[in-house]
Amino acid sequence: ANAVLVLTRAQQADPTDIPIAKDLALCYYFQKEFQLSLSILKPLVEKNVDDQVYQLAGNAHKALEQYKDCEKLYRKGIKKFPNSGALHNELGELLWGKKDYTAIKVWERGIQMDPSYSKNYYNAARYYFLTTDKVWSLLYGEIFVNMEPQSLQAPEMKDMLLAGYKKLFSENSIATLAANEKNQFVKGFLESMSRQNELAAAGIGLESLMMIRTRFILQWSHEFKVKFPFRLFEYQQQLLQEGMAEAYHRWLFGSSLNLVNYQQWIQAHPQEYQVFMNFQKTRLFKIPSGQYYH
């Protein structure tokens, strides 16, 4: 409430200040005063200020259940700002809510145009996990947890990743999948994974996952790294080279496999755990443009 008071006075003092107007509209949005928020945002939309204005105005329309106006704004915003991952994600979520499964095309476009925006990976990973896909849910899910390691959605993604690896190796023949695959990036992924089949024979657990993924990354680096540079795999290789691969795998799968065992490992290996956590906190995980292979 005090923020609204201060920002209202600031806007009266300088009606042309766009950041103040956006902040005031956001305050009203958080107070669920959606019409007030829209009254401030509509003039900014007409000026094509930035993608955040379209996103916030669209969200206000969605909160008011004005779905047609909402979709219209998102699409108009994407036309003006085609590289906005946020707008692609919002439109995808709106379509998904209407059971319009073209939502995945919108999320994919968001990933392609704005590869360092995280939410499109989250929604795309969840979508693919519900399909017969065995690759993209794994890749997008792991990218998301590295982009947002502390988010509320990270535990859900970690559970999904574990289930996804079980799903992948439950396939009678990954090699057959690879042979029938037309996408060369996916084909390379499946070929490299198929060579780890024997490691999964006794079941998917922490030790087998570490061995499977370690051998996979060595195989990939040898055969496909130059042809398909991919930040996620480069990061996995970096962790391996710097001695943090075990801590990373325990962080990624440990709580989903056995939370008590994971906590006991942390207590028994405080230095290894802390080194990895400090490393994770001091860098932002981003996907460079040009590494889109779907």
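Computed from a predicted structure; not experimentally measured.

1. Notes on the overall build of the protein
1) Next: Scanning the protein from terminus to terminus reveals 17 helices and 0 strands.
2) Next: If one aligns the C-alpha atoms of the protein with their principal axes, the spans along those axes are about 70 × 45 × 30 Å.
3) Next: When burial is assessed residue by residue, the protein has 49% of its 294 residues classed as buried.
4) Next: Across the protein, every contact between residues at least 6 apart in sequence was considered, and the portion connecting residues at least 24 apart equals 58%.

2. Observations concerning a nonpolar patch on the surface
1) Next: Taken together, the side chains of Trp96, Tyr101 and Leu130 present a nonpolar region at the surface, about 350 Å² in accessible area.
2) Next: For Trp96, a relative accessible area of 33% gives the class partly exposed.

3. As for the packing of aromatic side chains
1) Next: Considering all chains together, one arrives at 34 aromatic pairs under this definition.
2) Next: With centroids separated by 5.2 Å and ring planes inclined at 40°, the aromatic side chains of Trp136 and Tyr140 adopt a geometry described as tilted. With Trp136 and Tyr140 both in helix H9 (residues 136-147), this residue pair falls 4 residues apart, about one helical turn.
3) Next: The buried category is assigned to Trp136, whose relative accessible area is 5%.
4) Next: Taking relative accessible area as the criterion, Tyr140 reaches 3% and is therefore assigned buried.

4. Notes on helix H12 (residues 184-194)
1) Next: Among the 11 residues that make up H12, 9 are buried, leaving the element largely enclosed by the rest of the structure.
2) Next: Looking only at H12, the buried set comprises Phe185, Val186, Lys187, Gly188, Phe189, Leu190, Ser192, Met193 and Ser194.
3) Next: Buried-residue contacts for H12 involve H9, helix H10 (154-169), helix H11 (174-180), helix H13 (206-223) and helix H14 (231-241).

5. Re the pattern of salt bridges
1) Next: In this structure the tally under the stated criterion is 10 salt bridges.
2) Next: As a salt-bridge pair, Lys22 and Asp50 come within 2.6 Å of each other at their nearest N and O atoms. With Lys22 in helix H2 (residues 18-30) and Asp50 in the loop between helix H3 (34-46) and helix H4 (51-63), this residue pair connects regions lying 28 residues apart in the sequence. Taken individually, Lys22 and Asp50 each receive the classification buried, so the pair is uniform in this respect.
3) Next: The partner of Lys119 in a salt bridge is Glu148, with the nearest N and O atoms 2.7 Å apart. Of this pair, Lys119 sits in helix H8 (residues 119-129) while Glu148 sits in the loop between H9 and H10, and the two are 29 residues apart along the sequence.
4) Next: Three or more residues are tied together by salt bridges with common partners; here these are Glu71, Arg75 and Lys98.

6. Details of the packing of helix H16 (residues 259-268) against helix H17 (residues 270-281)
1) Next: Look at H16 against H17: their axes get within 5 Å of each other, and the N-to-C directions meet at 100°. If you check the angle between H16 and H17, you find them roughly perpendicular. Facing H16, whose interface residues are Tyr262, Trp265, Ile266, Gln267 and Ala268, H17 presents Pro270, Glu272 and Tyr273.
2) Next: For the contact of H16 with H17, the per-class residue count stands at 6 nonpolar, 1 polar and 1 charged.

7. Some words on the side chain of Asn59
1) Next: Within the secondary structure, Asn59 is located in helix H4.
2) Next: A residue is classified by how much of its surface remains accessible, and Asn59, at 12% relative accessible area, is buried.
3) Next: Within the structure, the side chain of Asn59 is placed 2.4 Å from the side chain of Tyr74, a separation counted as a polar contact.
4) Next: Those residues in contact with Asn59 that lie beyond four places of it in its chain are Tyr29, Tyr74 and Glu90.

8. A closer look at H4
1) Next: Over its 13 residues, H4 runs 18 Å from end to end, which matches the ideal 18 Å to within 8%, given 1.5 Å per residue.
2) Next: For H4, the complete set of buried residues consists of Val53, Tyr54, Gln55, Leu56, Ala57, Gly58, Asn59, Ala60 and His61.
3) Next: Here the buried face of H4 lies against H2, H3, helix H5 (67-80) and helix H6 (85-97).
4) Next: Where H4 begins, the capping side chain belongs to Asp50, and its oxygen is found 3.2 Å from the backbone nitrogen of Gln52.

9. Some remarks on a positive patch on the surface
1) Next: There is a patch of like positive charges on the surface, built from Lys72, Lys76, Lys79 and Lys80.
2) Next: Along the chain, the position of Lys72 falls in helix H5.
3) Next: Under the relative-accessibility criterion, Lys72 is labelled exposed at 63%.

What counts, and where the lines are drawn
- Residues numbered from 1 in each chain as written.
- Predicted model: local features only at pLDDT ≥ 70, side-chain atom pairs only at ≥ 80, totals over all residues.
- Heavy atoms only, no water.
- Helix = DSSP H or I, 4+ residues; strand = E, 2+ residues; numbered from the N terminus.
- Buried < 20%, exposed > 50% of the residue type's maximum accessible area, 1.4 Å probe, protein only.
- Contact = heavy atoms within 4.5 Å.
- Patch = residues over 30% accessible without salt bridge, like charges linked within 9 Å, V, L, I, M, F, W, Y side chains within 5 Å.
- Areas by Shrake-Rupley, 256 points an atom, 1.4 Å probe, with all protein chains shown as cover.
- Salt bridge = Lys/Arg side-chain N within 4 Å of Asp/Glu carboxyl O.
- Phe/Tyr/Trp six-rings, centres within 6.5 Å; stacked < 30°, edge-to-face > 60°.
- Axes fitted to C-alpha atoms, helices over the stretch in contact; angles between N-to-C directions.
- Parallel < 35°, antiparallel > 145°, perpendicular 65-115°, else oblique.
- Nonpolar A, V, L, I, M, F, W, Y, C, P; charged D, E, K, R; others polar.
- Polar contact = N/O pair within 3.5 Å; in protein donor to acceptor, adjacent residues only side chain to side chain.
- Expected span 1.5 Å × (residues − 1).
- Lys, Arg positive; Asp, Glu negative; His and termini not counted.
- Charge placed at Lys NZ, Arg CZ, Asp CG, Glu CD.

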